[in-house]
Amino acid sequence: MRTSFVFSEVITGLRRNVTMTIAMILTTAISLGLLGGGLLVVRMVDKMQANYAGKLEVSVLLTNDISANDKDCTQQPCAGLRSALDQTSGVESVVYENRDAGFERFKRIFEAQPELLKLARPEAIPATFRVKLEDPERTDVIKQAFEGKPGVKGVDDQGKFLERFFEGLNGMRDVALILALIQAFAALLLISNTIQVSAFTRRVEVGIMRLVGATRWYTQLPFLIEAVVAGIIGSVTAVGGLVLFKAFFLDRITRNLTESGIIPPIGYLDILIVSPWLFLVAIVISASTGYVTLRLYVRL
Amino acid sequence: MIRLEHVSKVYKTSTRPALDDVSVEMEKGEFVFLIGPSGSGKSTFLRLLLREEVPTRGRVYVSNFDVAKMSRRRVPRLRQSIGCVFQDFRLLPTKTVAENVAFALEVIGKPRNTIVKVVPEVLQLVGLDGKEDRFPTELSGGEQQRVAIARAFVNRPLVLIADEPTGNLDPDTSQDIMLLLERINRTGTTVIMATHDHGIVDSMRRRVVELAYGKVVRDDARGVYGVGR
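Small disclaimer: the values here were computed from a predicted structure and weren't measured.

A closer look at the nonpolar core
Leu-34, Leu-49, Val-101, Leu-123, Ala-150, Leu-160 and Ile-161 of chain B are the most contacted members of the largest nonpolar core, which totals 111 residues. Setting aside anything within four residues of it in sequence, one finds Val-101 of chain B in contact with Val-119, Val-122, Leu-123, Val-147, Ala-150, Arg-151 and Val-154 of chain B. By size, the runner-up hydrophobic cluster in this structure holds 15 residues, among which are Val-60, Cys-78, Leu-81 and Ala-127 of chain A.

Below is the structure:
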């Protein structure tokens, strides 16, 4: 096999069909970019789950009456609730956070939004028991036992909130993957079409090759490699696009959330880890589409 | 060398067979004219030798190849032992004379040092030395056909098939091309030439196989194109 010959054929092929080639590369790139985005969301959710596991708490919010008058939880019903929580099986620790401490915490979390702080008053923040469980999944026990008890305003499950957040992220992931799939289908058709056009423009060459006894590999390989090269360029473009998206868009809109530790940042390392999959998908899809097209539509 | 045994070929789109029970044998080193009106089966005959088509019935042998029965994988081997020349030359316009000839060797995986050695040799044989770097459009019809013959012959095939090679050329140039084909024939290569050119067939006095409606109607060892034509 004369590689120099095959590659010179590939380059002429790509150049001759330049508009189709660009369309093919862009479609592939967008498809892979979306796939990469979906994979990054998956990584982010995984990281978050790892981050929050063990840190999740159940907040037992107390009534206004307790919040206003019982700073140290020495009176009833606060003291009674605390000992009841302490005695509940599965509870690891109980911390009382009075209104002032709660307001400080609120200020810390939202220090980046001074407008919000201006509007907030300590009276809106209830005193709270922060309850840590041995098994963060078993929040229902606390909810069932303490919701509606005298002095309790409500039971707030961070896990439930986080679940909703994850649902949102997973929804984003699903949308990205579905769009990636649709784009992949478009890319597939474009690859197939480009190969057919390419084979048509080179029909004289291919005719001569067949006639002088070139093997199937020799006649088909340039077309296949052409598709794979376009696929690889597409995946490189996709990775570049992800890097740019992270640098100029994602980092800006998520800065507050990542700095306060609510969501883990997506690093260049994450993109690096995702990119081999994009290359692999690009190569497999372009090569197999190319092969099937040559088999079905192009008589070589 | 070449043997057809009771070969028939029926195309799906036609009710009349393109070839109808044809049996012919051609020896190594023979020069054979294949004549007959359009639609008489000449092209089908040639396409069967190249295994561009498979016969509906009968057997085709070229050299050691059982052409009708061979597997697809072996077809390239068969074609490497057959050279082809056409009326329309079929040169690649983006490649030079030398590159056009080299192309035939490149695509069958011949090493570069062989190519650089044999391409100038064959170009000299066909009388194109000094024009290696010209493009096909810069050449006359006769010269283009010489390039095509060089390409067909560069791999030293056992058989050279020429399908109306002089169809686009004036009589003088045609004569030159025939001299070249004769020269190639003298190297021991079997030449099969389909043609409508009376003058050439009559002056060469070689074997003539005439087809009509898919049947062999004449096979003369030293024939002419036809009486009274």
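Brief notes about the sheet that holds strand E1 (residues 57-62) of chain A
All names here are of chain A. The sheet built from four strands is open, its strands ordered E2-E3-E1-E4 with antiparallel pairing. Here the strands that pair on one side only, and so sit at the sheet edges, are strand E2 (91-97) and strand E4 (152-157). Pairwise comparison of adjacent strand axes, ignoring direction, gives a mean angle of 20° for this sheet. Alignment of E1 against strand E3 (residues 128-133), held across five bridges, turns out to be antiparallel. When the bridges of E3 are listed, Ser-59 appears paired with Arg-130.

Some words on the domain arrangement of chain A
By a widespread convention, an interface's size corresponds to the accessible area lost as its parts come together. When its domains are assigned, chain A resolves into domain 1 (3-52 + 163-296) and domain 2 (57-135). For domain 1 of chain A versus domain 2 of chain A, the distance between C-alpha centres works out to 50 Å.

Observations concerning the sheet that holds strand E1 (residues 2-9) of chain B
Backbone-to-backbone hydrogen bonds join strands into a sheet, with any given pair of strands oriented parallel or antiparallel. All names here are of chain B. If you walk across this open sheet you meet the four strands as E2-E1-E4-E5, and the pairing is antiparallel. Only two strands of the sheet have a single neighbouring strand rather than two, namely strand E2 (19-26) and strand E5 (65-66). Direction of pairing for E1 relative to E2: antiparallel, over a ladder of five bridges. Looking at the pairing, Arg-3 lines up with Glu-25 of E2. In this fold helix H1 (residues 42-49) packs onto E1, E2 and strand E4 (57-62), with an angle of close to 120° to the strand it touches most, E1.

Describing the pairing of strand E3 (residues 31-35) of chain B
All names here are of chain B. Of all five residues that make up E3, five are buried, and the element is covered over most of its length. Alternating residues of E3 divide into Phe-31, Phe-33 and Ile-35 and Val-32 and Leu-34, and every residue in both groups is buried. With four bridges connecting them, E3 and strand E8 (residues 190-194) associate as parallel partners. Pairing of Val-32 across the sheet is with Ile-192, part of E8. Relative to strand E9 (residues 207-212), E3 runs parallel, the two being bridged by four bridges. Paired with Ile-35 across the strands is Glu-210, a residue of E9.

Quick look at the interface of chain A and chain B
Each side of the interface is counted separately: chain A has 13 residues, and chain B has 13 residues. Here the side of chain A that touches chain B is composed, by residue class, of nine nonpolar, two polar and two charged.

Description of the environment of Arg-207 of chain B
Within the secondary structure, Arg-207 of chain B is located in strand E9. With sequence-adjacent residues up to four places away left out, Arg-207 of chain B is seen in contact with Glu-30, Phe-31, Val-32, Phe-33, Asp-220, Ala-221 and Gly-223 of chain B.

Description of the packing of helix H3 (residues 97-106) of chain B against helix H5 (residues 141-153) of chain B
All names here are of chain B. Taken N-terminus to C-terminus, the directions of H3 and H5 make an angle of 30°; their axes are 8 Å apart at the nearest point. In terms of orientation, H3 lies roughly parallel with respect to H5. Note that H3 runs across H5; the crossing there is right-handed. Judged by residue contacts, Val-97, Asn-100, Val-101 and Ala-104 of H3 engage Val-147, Ala-150 and Arg-151 from H5.

So, the confidence of the model for chain B
Residue and element names in this part refer to chain B. Taken residue by residue, chain B gives an average pLDDT of 92. The fraction at 70 or more is 99%. Within chain B, no element has a lower average pLDDT than helix H7 (residues 198-204), which sits at 90, and none a higher one than E8, at 96. At the level of chain-chain contacts, confidence expressed as ipTM amounts to 0.86, with global pTM at 0.71.

Scoring rules and cut-offs
Residues numbered from 1 in each chain as written. Chains lettered and ligands numbered in written order. Predicted model: local features only at pLDDT ≥ 70, side-chain atom pairs only at ≥ 80, totals over all residues. Core = buried A, V, L, I, M, F, W, Y, C linked by C-beta atoms within 7 Å. Buried ≥ 20, exposed ≤ 12 C-beta atoms within 10 Å, placed from the backbone. Contact = placed C-beta atoms within 7 Å. Pairing = 2+ DSSP bridges. Helix = DSSP H or I, 4+ residues; strand = E, 2+ residues; numbered from the N terminus. Axes fitted to C-alpha atoms, helices over the stretch in contact; angles between N-to-C directions. Domains from an automatic or database assignment. Nonpolar A, V, L, I, M, F, W, Y, C, P; charged D, E, K, R; others polar. Parallel < 35°, antiparallel > 145°, perpendicular 65-115°, else oblique. Left-handed = near helix turned anticlockwise from the far one by under 90°. pLDDT = per-residue confidence, 0-100.

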